[in-house]
Amino acid sequence: MTTRILPVVGDADAARSITSLLSQLPEAEPAGPVGDSTSLIDTLARLAAESIDELPEVVLVHERIGPVPALELIREVALRFPAVGVILVTADASPGLFSAAMDSGARGLVGLPLSYEELAQRVQAAAAWSVGVRKHLGHGGDVFTGPGGTVVTVSGAKGGVGTTVAAVQLALAAKASGMTVALADLDLQAGDVASYLDVQFRRSIVDLSTIQDISPRVLQDALFTHHTGIGLLLAPGEGERGEEINDRSVRQIVSALRNRYEVVIIDCGTQTTSANAAAIEMADTTLLLTTPDVVAVRAAKRMVKLWDRLQIRKAEETTIVVNRYMRNTEIQPPLIEKITSTKVSRMVIPANFKELHAVVDAGRMQDLDSKSTVKQALWGLAGELGLVKTPEGAEKQGKFKGDRGSVGVRRGRS
């Protein structure tokens, strides 16, 4: 049987060395090396979407891969693509690193400089394990696409463009349709999700910052269950404590939320930190809110380029949402799409702050009138993104389950 092997190596010399040795293995089919962690996750997700059989049996991860550290990358691959055997290639073959690699989900460790015999043995063992797992699980369509729900990050091109309002309404729309939903506030110094939902809280995301293994019970203790049914993971009340959250913490937190909820909405605010950058990189969908004015659109373009330079998210993988849209504005969505090199959502949010004024001042965004054009547009955006499921008969009734008004169910692109 042919064993497909995907090397993940950032260094060109190391890539040539590994690829050359892999080509000598019997019945091995090495693919071209992948140069960074983002490309690896994108490649595996694309292959899984095409067909489960397209996934490689073995992934070789070099110790100096980036921007995500090797062990964190192994953990994410093991979580999202559990039947792919991952091997760590490292110069440090100490028992401590071996144990850490196994805890992260690796199926083996190969020392540098590479030895043909050792590499062949590890690849063969990982491939046999991968084949065995696939036979055991069967070939169901969703087996290897990764466990858990959909993660959506919501960021603002600049302050005041409506990021938190959008994040809250997307979460409410998904919950009203019958989804299990978590809303996390990663605007760590100035998060306002609690203020918009009239929540008094003691625990926050900081309580998870030092936890090495976030169990369902530990996660539940840190969450605030809102009366709408949404699980809230809130930013700390003291902004300086946001520095206690790093990218490693966020990766574990997002993975834990993804495993428990069907939809995870993350408010990332308007600043790019190592913490929310990790969330944006892990997200299935990344939204960037802007308003149709020169300053905001320039800020959106600047943010998109920043994410691309940091290898967080490519421009074509980012979705721009236009807020406070007016038909007579000079800057229209097609122009924004051209300027930012992104895709712009079909659903635009109208400029009608009068509808929001009362619920914003009261801190009860969940009470926004269902006849509000802003709410209907944001809930329509949730439908476009595939964050809602249509209850039986909803298409005829024009309502979401649990919504007191009449909000049309808009079909997503999928």
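Residues numbered from 1 in each chain as written. Predicted model: local features only at pLDDT ≥ 70, side-chain atom pairs only at ≥ 80, totals over all residues. Heavy atoms only, no water.

Under an unreviewed UniProt entry, the protein chain has the name Septum formation initiator and belongs to Streptomyces camponoticapitis.

A. The side chain of Asp 267, seen in detail. For Asp 267, the position within the fold is in strand 10 (residues 263-269). For the buried residue Asp 267, which engages in no salt bridge, the nearest side chain bearing the opposite charge is Arg 324, 12 Å off. Of note is the side chain of Asp 267, whose polar atom sits 3.0 Å from the backbone nitrogen of Gly 269. Setting aside anything within four residues of it in sequence, one finds Asp 267 in contact with Val 154, Thr 163, Thr 164, Ala 167, Ala 184, Asp 185, Leu 186, Asp 187 and Val 193. (Helix = DSSP H or I, 4+ residues; strand = E, 2+ residues; numbered from the N terminus. Buried < 20%, exposed > 50% of the residue type's maximum accessible area, 1.4 Å probe, protein only. Lys, Arg positive; Asp, Glu negative; His and termini not counted. Salt bridge = Lys/Arg side-chain N within 4 Å of Asp/Glu carboxyl O. Polar contact = N/O pair within 3.5 Å; in protein donor to acceptor, adjacent residues only side chain to side chain. Contact = heavy atoms within 4.5 Å.)

B. How the structure looks around helix 10 (residues 274-282). Across the 9 residues that make up helix 10, a large majority, 8, are buried. Restricting attention to buried positions, one finds in helix 10 the residues Ala 275, Asn 276, Ala 277, Ala 278, Ala 279, Ile 280, Glu 281 and Met 282.

C. Molecular detail of the pattern of salt bridges. Enumeration over the complete set of coordinates arrives at 11 salt bridges. Two residues, Arg 241 and Glu 244, come together in a salt bridge whose shortest N-O distance is 3.0 Å. For Glu 244, a relative accessible area of 38% translates into the label partly exposed. A salt bridge links Glu 281 to Arg 251, with the nearest nitrogen and oxygen atoms 2.7 Å apart. Of the two residues, Glu 281 is situated in helix 10 and Arg 251 in helix 9 (residues 247-260); the sequence distance between them amounts to 30 residues. On the accessibility criterion, Glu 281 (15% relative accessible area) is buried. Exposure remark for Arg 251: the relative accessible area of 7% places this residue in the buried category. One salt-bridge network, held together by shared partners, links Glu 76, Arg 80, Arg 251, Arg 258, Glu 281 and Asp 284.

D. Summary view of the nonpolar core. Ile 205, Leu 233, Val 250, Leu 257, Ile 266 and Leu 288 are the most contacted members of the largest nonpolar core, which totals 46 residues. When sequence neighbours within four positions are dropped, the list of residues in contact with Ile 266 reads Val 151, Val 152, Thr 153, Val 154, Ala 184, Leu 186, Val 254 and Ala 279. (Core = buried A, V, L, I, M, F, W, Y, C linked by side-chain atoms within 4.5 Å.)

E. Here's a closer look at the sheet that holds strand 9 (residues 231-233). Ordered in space as 8-9-7-10-6-11-12-13, the 8 strands form an open sheet in which the pairing is mixed. Two strands close off the open sheet at either side, each with one partner strand: strand 8 (224-225) and strand 13 (343-344). Here helix 6 (residues 163-176) sits on the sheet in contact with strand 6 (150-156), strand 7 (181-185), strand 10 and strand 11 (285-290), set at roughly 175 degrees to strand 10. Across the sheet, helix 9 is in contact with strand 6, strand 7, strand 9 and strand 10; its angle to strand 10 comes to roughly 150 degrees. (Pairing = 2+ DSSP bridges. Axes fitted to C-alpha atoms, helices over the stretch in contact; angles between N-to-C directions.)

F. Molecular detail of the UniProt feature "domain: Response regulatory" (unreviewed entry) in the protein chain. The sites that UniProt annotates as "domain: Response regulatory" (unreviewed entry) are residues 4-127. A helix fraction of 47% and a strand fraction of 19% characterise residues 4-127, whose end C-alpha atoms lie 8 Å from each other. (UniProt positions renumbered as here; feature names shortened; annotations may be inferred.)

G. Broad picture of the sheet that holds strand 1 (residues 3-8). A sheet is described by the order of its strands in space; here 5 strands give the open sequence 2-1-3-4-5, paired in parallel fashion. The open sheet terminates on both sides in strands that have one partner only, identified here as strand 2 (28-30) and strand 5 (108-111). Across the sheet, the mean angle from the axis of one strand to that of its neighbour is 25 degrees, orientation sign disregarded. Relative to strand 5, strand 4 (residues 85-90) runs parallel, the two being bridged by 4 bridges. For Ile 87, the partnering residue across the bridge sits in strand 5 and is Gly 108. Along the sheet, helix 3 (residues 70-80) makes contact with strand 1, strand 3 (58-62) and strand 4, crossing strand 4 at roughly 175 degrees.

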